[in-house]
Amino acid sequence: MAKQNQNGRIIAIVACIFLFGMISFVTNLAAPIGVIWKNQPGLAGSNTLGMMGNMMNFLAYLFMGIPAGNLLTKIGYKKTALIAIALGFLGVLVQFLSGVVLVGSTIANLPANWFVYLLGAFISGFAVCMLNTVVNPMLNQLGGGGNRGNQLNLIGGSFNSLMGTITPMLVGALIGTITKNTAITDVNLVLYMAMGIFAATFFILLFVPIENPKQMDSNTVYERSPFAFRHFNFGVIAIFVYVGVEVGLPGTLNFYLSDTTNIGGGLDPATAATIAGFAAGTYWFLMLVGRFVSSLIASKVSSRVMMIAVNGTAMLLIILAILLPKTITGSMPVFTGTSFTMVQLPISAILIVLCGLCTSVMWSCIFNLATEGLGKYTEKASGIFMMMVVGGGIVPLIQNGVADATHNYMLSYIVPLLAVAYMFCYSAFLSKNVNKDIKVD
């Protein structure tokens with residue numbers, strides 16, 4: 001019996017790690033596809049409108065965060081995951097249809113099929129919100145919480161980063177040269193892959209016996225809410241700004257390097273979109289490296305120490321990126337469309353890419369710090385956290401609004417700089433649980 005339980009636990013861990021990758025695959029379609037939409041005639045090169053797909057994807061978290069947590073409590077991990085995967089398939093299908101229906105029509109002088117795409121991004125957001133709600137508490141509890149729980153989340157995050165690395169690279173390679181005739185149909189291959197992965201995962205998971213890490217009781221009495229814990233409240237803000245930083249750093253970098261006007265990165269128009277996609281993909285690759293390395297030491301190094309170190313480093317990198325002119329360049333290996341080669345990029349862009357090493361551990365560390373000691377309130381706390389992932393849509397939208405207003409991409413990085421400064425303060429001063437007297441059994 002013990003061996004059977006251990007095998008079930010291993011299957012559950014592997015399934016959650018795989019679902020981590022699904023989250024990143026769908027989420028990271030938004031920024032590179034946004035490069036296509038921003039160059040459509042009706043959107044007139046607006047970075048803000050180009051980032052709206054990303055905004056819709058994350059806006060879904062605001063509406064689904066708490067319901068997803070409640071659903072998790074009522075029907076368990078496996079059924080919640082299956083519903084999420086089905087929604088994911090539907091969301092990507094609608095995005096695919098945006099390249100087929102209402103093409104050439106307009107609504108309020110904007111491409112009508114752009115609104116179809118935004119609907120698909122919104123539906124996809126519901127899916128990834130639910131998947132996030134499943135995998136984070138499940139992996140944390142399967143690991144027994146604490147540093148071991150954080151370690152499993154970091155391993156899952158490594159696979160998440162692998163998919164995040166592949167997605168913008170693949171989209172960038174498919175786009176090639178950006179023109180007004182470039183359309184979402186040019187990346188249909190990626191959408192076909194996404195739908196295929198969702199369909200296959202659904203049927204595989206349907207037959208995988210996954211048990212809940214602990215007996216879930218919908219009749220549990222909650223004397224308080226997670227908001228009774230001060231460290232959780234500050235953690236909610238930290239999650240909001242963190243997701244905005246994680247998405248805004250590479251997303252805006254993709255826009256910057258693919259922009260062939262005088263405010264862009266100064267790359268060759270023939271390969272700018274491809275190189276931009278691979279530069280953003282390298283950011284996610286460094287997140288993979290950071291998560292893998294940190295997973296090896298997470299059982300010995302506390303989440304608080306990790307957060308202080310990486311946020312301090314990220315602040316330094318972003319400040320330098322803002323201050324250094326784009327005329328100062330350096331070499332970076334990227335795929336140009338035919339082969340890997342060393343490409344000259346602004347040093348500021350390379351510094352932003354290096355931030356991937358820093359952001360790699362932030363999500364799991366914040367989740368670990370903010371839910372430590374919450375006990376039976378953890379599931380509800382996870383739902384609230386999912387609501388705050390909307391920061392991944394709002395913060396990059398604000399950042400790109402600053403870029404549009406100032407005509408300066410690098411100056412817009414002051415937005416994630418302020419967010420990183422808050423996370424440094426959270427880890428150093430605000431993450432201690434001062435409400436240990438609250439009953440959590």
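Residues numbered from 1 in each chain as written. Predicted model: local features only at pLDDT ≥ 70, side-chain atom pairs only at ≥ 80, totals over all residues. Heavy atoms only, no water.

(A) Structural view of the overall build of the protein. Looking only at helices and strands, one finds 15 helices and four strands in the protein. Relative to its full complement of 441 residues, the protein shows a buried share of 59%. (Helix = DSSP H or I, 4+ residues; strand = E, 2+ residues; numbered from the N terminus. Buried < 20%, exposed > 50% of the residue type's maximum accessible area, 1.4 Å probe, protein only.)

(B) Fine view of the packing of helix 4 (residues 52-97) against helix 14 (residues 391-406). Axis separation between helix 4 and helix 14 bottoms out at 7 Å; the angle between their running directions is 150°. When the interaxial angle is binned, helix 4 and helix 14 end up roughly antiparallel. Judged by the sense of rotation from one axis to the other, the crossing of helix 4 with helix 14 is left-handed. Here helix 4 contributes Met-52, Asn-54, Met-55 and Phe-58 to the contact with helix 14, which in turn contributes Gly-392, Gly-393, Ile-394, Pro-396 and Leu-397. Classifying every residue of the contact of helix 4 with helix 14 gives six nonpolar, three polar and no charged. (Axes fitted to C-alpha atoms, helices over the stretch in contact; angles between N-to-C directions. Parallel < 35°, antiparallel > 145°, perpendicular 65-115°, else oblique. Left-handed = near helix turned anticlockwise from the far one by under 90°. Contact = heavy atoms within 4.5 Å. Nonpolar A, V, L, I, M, F, W, Y, C, P; charged D, E, K, R; others polar.)

(C) Layout of the layout of surface pockets. There is about 230 Å³ of room inside the largest pocket. Trp-37, Gln-40, Val-103, Gly-104 and Asn-113 are the residues nearest the centre of the largest pocket, which is lined by 15 residues in total. Its residues assigned to classes, the lining of the largest pocket shows seven nonpolar, eight polar and no charged. (1 Å grid on protein atoms, 1.4 Å probe; cavity = no way out; pocket = protein on both sides within 12 Å on 5 of 7 lines; lining within 4 Å. Points joined across faces, edges and corners; volume = space filled by probe spheres on them.)

(D) Quick look at empty space enclosed by the protein. Inspection of every chain in the model, using the stated rule, returns four cavities of 30 Å³ or more. Along the walls of the largest cavity sit 22 residues, with Ile-23, Asn-132, Asn-160, Glu-246 and Trp-363 positioned nearest its centre. Residue assignment for the lining of the largest cavity shows that the elements contributing at least two residues are helix 1 (2-27), helix 4, helix 6 (146-175), helix 8 (230-258), helix 9 (272-297) and helix 12 (362-371). Of the residues that constitute the lining of the largest cavity, the class distribution is eleven nonpolar, nine polar and two charged. Size it by volume and the second largest cavity reaches roughly 100 Å³. The wall of the second largest cavity is formed by Thr-27, Asn-28, Ala-31, Pro-32, Asn-54, Pro-168, Val-247, Pro-250, Gly-251, Asn-254, Ala-280 and Trp-284. For the lining of the second largest cavity, the element with the most residues is helix 8, which contributes four residues. Within the lining of the second largest cavity, the residues separate by chemical class into seven nonpolar, five polar and no charged.

Distances and angles like these do not, on their own, reveal function.
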